[in-house]
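Residue-level structure breakdown
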Amino acid sequence: MPKLAGRAGDPAPKSTRAVYFGTGFLDTPVFDRASLPPAGRINGPAVVEEFGSTTVVFPGQYVEVDPHGILVIRSKSSQETPR
């Protein structure tokens, strides 16, 4: 499987919007999936948009981009050690 090219790092949001998360609306950063770098990490809440799909990262979660461009969502309180 091919790996993503580009510099690792944390991505910058393209915008923000109010998103309802069960207890109320939160100002939530919105990211463009195509601009996410390999090994990029986004702490929730967040929205990742792409053609044909939207990924929601809830408060208390984070998403990382693996070397192949796959989004991996984990709980911040999980026992796994973030890479």
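You'll find the structure just up there.
Residues numbered from 1 in each chain as written. Predicted model: local features only at pLDDT ≥ 70, side-chain atom pairs only at ≥ 80, totals over all residues. Heavy atoms only, no water.

1. Describing the side chain of R74
Residue placement: R74 occurs in strand β7 (residues 71-75). Residue R74 is classed as buried on the basis of its relative accessible area of 15%. At 3.3 Å, the side chain of R74 forms a polar contact with the side chain of E64. (Helix = DSSP H or I, 4+ residues; strand = E, 2+ residues; numbered from the N terminus. Buried < 20%, exposed > 50% of the residue type's maximum accessible area, 1.4 Å probe, protein only. Polar contact = N/O pair within 3.5 Å; in protein donor to acceptor, adjacent residues only side chain to side chain.)

2. Remarks on the nonpolar core
Among the nonpolar cores identified, the biggest contains 9 residues, and these are F31, L36, I42, A46, V48, V57, V63, V65 and L71. Going through the elements one at a time, β4 (46-50) and β6 (61-65) are the ones with two or more residues in this core. Contacts of V48, omitting those with residues within four sequence positions, involve F31, R33, L36, I42, S53, T54, T55 and L71. (Core = buried A, V, L, I, M, F, W, Y, C linked by side-chain atoms within 4.5 Å. Contact = heavy atoms within 4.5 Å.)

3. Let's talk about the sheet that holds β7
Overall, antiparallel pairing links the 3 strands, which are arranged β3-β6-β7 in an open sheet. Among the strands making up the open sheet, the edge pair consists of β3 (41-43) and β7. When strand polarity is set aside, the average angle formed by the axes of neighbouring strands in this sheet is 20°. Pairing of β3 with β6, which is carried by 3 bridges, proceeds in the antiparallel orientation. Its bridge partner lying in β6, R41 is registered against E64. (Pairing = 2+ DSSP bridges. Axes fitted to C-alpha atoms, helices over the stretch in contact; angles between N-to-C directions.)

4. Description of the packing of aromatic side chains
What the rule picks out here adds up to 2 aromatic pairs. Ring geometry for Y20 and F25: centres 5.3 Å apart, planes at 65°, overall edge-to-face. For F25, a relative accessible area of 59% puts it in the exposed group. Between F21 and F58, the aromatic rings sit 5.5 Å apart at their centres with planes inclined by 75°, giving edge-to-face as the arrangement. Of this pair, F21 sits in the loop between β1 (15-20) and β2 (25-32) while F58 sits in the loop between β5 (53-57) and β6, and the two are 37 residues apart along the sequence. A residue is classified by how much of its surface remains accessible, and F58, at 43% relative accessible area, is partly exposed. (Phe/Tyr/Trp six-rings, centres within 6.5 Å; stacked < 30°, edge-to-face > 60°.)

From the geometry alone we can't say anything about function, so treat these as descriptive.
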